[in-house]
Amino acid sequence: MLNRVELIGRLGQDVRVRDMDNGGKVASFSLATSEKWKKNGEKRESRQWHNISIFNEHLIKIADQYLR
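What counts, and at which threshold
- Within any chain, residue numbers begin from 1 and follow the written order of that chain's sequence.
- Local features in a predicted model are, by the rule used here, given only for residues with pLDDT of at least 70; side-chain atom pairs are given and counted only at 80 or more, and totals for whole chains, interfaces and linings are based on all residues.
- Calculation of side-chain values draws on the structure's entire complement of heavy atoms; hydrogens and water are dropped beforehand.
- Salt bridges, as used here, are contacts in which a Lys or Arg side-chain nitrogen is within 4 Å of a carboxyl oxygen on Asp or Glu.
- Only protein chains enter the accessibility calculation, which uses a 1.4 Å probe. A residue is then buried if its area is under 20% of the maximum for its type, exposed if over 50%, and partly exposed in between.
- Runs of E in the DSSP output that reach at least two residues are strands. Runs of H or I that reach at least four are helices, and both are numbered from the N terminus.
- Contact criterion: two residues are considered in contact whenever any of their non-hydrogen atoms come within 4.5 Å of each other.
- Note on patches: the residues involved have over 30% relative accessible area and no salt bridge, like charges join within 9 Å, and the nonpolar side chains Val, Leu, Ile, Met, Phe, Trp and Tyr join within 5 Å.
- In these tables, accessible area is a Shrake-Rupley quantity obtained with a 1.4 Å probe, and a residue counts as shielded only by the protein chains included in the view.
- Positive charges are assigned to Lys and Arg, negative charges to Asp and Glu, while His and the chain termini are left out of the count.
- The atoms used to mark charge sites are NZ of Lys, CZ of Arg, CG of Asp and CD of Glu.
- The set of buried Ala, Val, Leu, Ile, Met, Phe, Trp, Tyr and Cys residues whose side-chain atoms join them within 4.5 Å is what this entry labels a nonpolar core.
- Cavity and pocket criteria rest on a 1 Å grid covering protein atoms alone: a 1.4 Å probe that fits but cannot get out defines a cavity, protein on both sides within 12 Å along at least 5 of 7 lines defines an open pocket, and an atom within 4 Å of a point defines a lining residue.
- Grid points are joined across faces, edges and corners, and a volume is the space filled by probe spheres set on the points.
- Following the grouping adopted for this structure description, the nonpolar residues are Ala, Val, Leu, Ile, Met, Phe, Trp, Tyr, Cys and Pro, the charged ones are Asp, Glu, Lys and Arg, and the polar ones are all others, Gly among them.
- At least two DSSP bridges between two strands are required for those strands to pair.

Chemist: Is there a simple way to explain the pattern of salt bridges in this structure?
Modeler: Side chains that carry opposite charge are capable of pairing whenever their charged atoms lie near each other. Inspection of every chain in the model, using the stated rule, returns four salt bridges. Asp19 is the salt-bridge partner of Lys25, the closest N and O atoms lying 4.0 Å from each other. By relative accessible area, Asp19 is classed as exposed at 61%.

As structure tokens, then:
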């Protein structure tokens, strides 16, 4: 079974690529998603921060190149 999540938001920080002890790499960054609605005619907004980690080397290269 595969879990899939698509998050669309604003980047909180540039991607940070680190070497792991086992010789692999990990990329990490934060992403903010928000939701807007009206309650009793008053505008409301909710924001959530997500800490993202990438372990796939191909995706790490893409994230490091394009996410700024």
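Chemist: I'm lost on the side chain of Ser30 in this one. Help?
Modeler: Tracing the chain through its elements places Ser30 in strand 3 (residues 25-39). When its relative accessible area of 10% is taken as the criterion, Ser30 is described as buried. Ignoring sequence-local partners within four residues, the contact set of Ser30 consists of Arg10, Leu11, Gly12, Gln13, Trp49, His50 and Asn51.

Chemist: Please explain a positive patch on the surface as it appears in this structure.
Modeler: A cluster of basic residues, Arg10, Lys36, Lys38 and Lys43, forms a positive patch on the protein surface. Here Lys38 lies in strand 3. The exposure class of Lys38 is exposed, given its relative accessible area of 61%.

Chemist: What is the right way to look at the nonpolar core in this model?
Modeler: Across soluble globular proteins, nonpolar side chains show a tendency to be buried alongside one another. Formed by Val15, Ala27, Phe29, Ile54, Ile60 and Ala63, the largest nonpolar core amounts to six residues. Going through the elements one at a time, strand 3 and helix 1 (57-66) are the ones with two or more residues in this core. With sequence-adjacent residues up to four places away left out, Ile54 is seen in contact with Lys25, Val26, Ala27, Phe29, Leu59, Ile60 and Ala63.

Chemist: Explanation requested: the layout of surface pockets in the structure shown.
Modeler: With a probe scaled to a water molecule rolled over the atoms, the places where space remains empty come into view. Of the voids in this model, the largest pocket is the one considered here, and its volume is about 210 Å³. For the lining of the largest pocket, a count of residues per class yields six nonpolar, one polar and one charged.

Chemist: Where do I start with unusual backbone geometry in this structure?
Modeler: A positive phi is found at Asn40, a non-glycine position, where the angle reads about 55 degrees. Judged by relative accessible area, which is 78%, Asn40 ranks as exposed.

Chemist: Explain the pairing of strand 4 (residues 42-54) here, please?
Modeler: Consecutive side chains along a regular strand alternate between the two faces of the sheet. Of the strand pairs in this sheet, strand 3 and strand 4 are connected by 13 bridges, and their pairing is antiparallel. If you follow Ser28 over to strand 4, its bridge partner there is Ser53. Joining the antiparallel neighbours strand 3 and strand 4 is a turn of two residues, in which Asn40 adopts a positive phi near 55 degrees.

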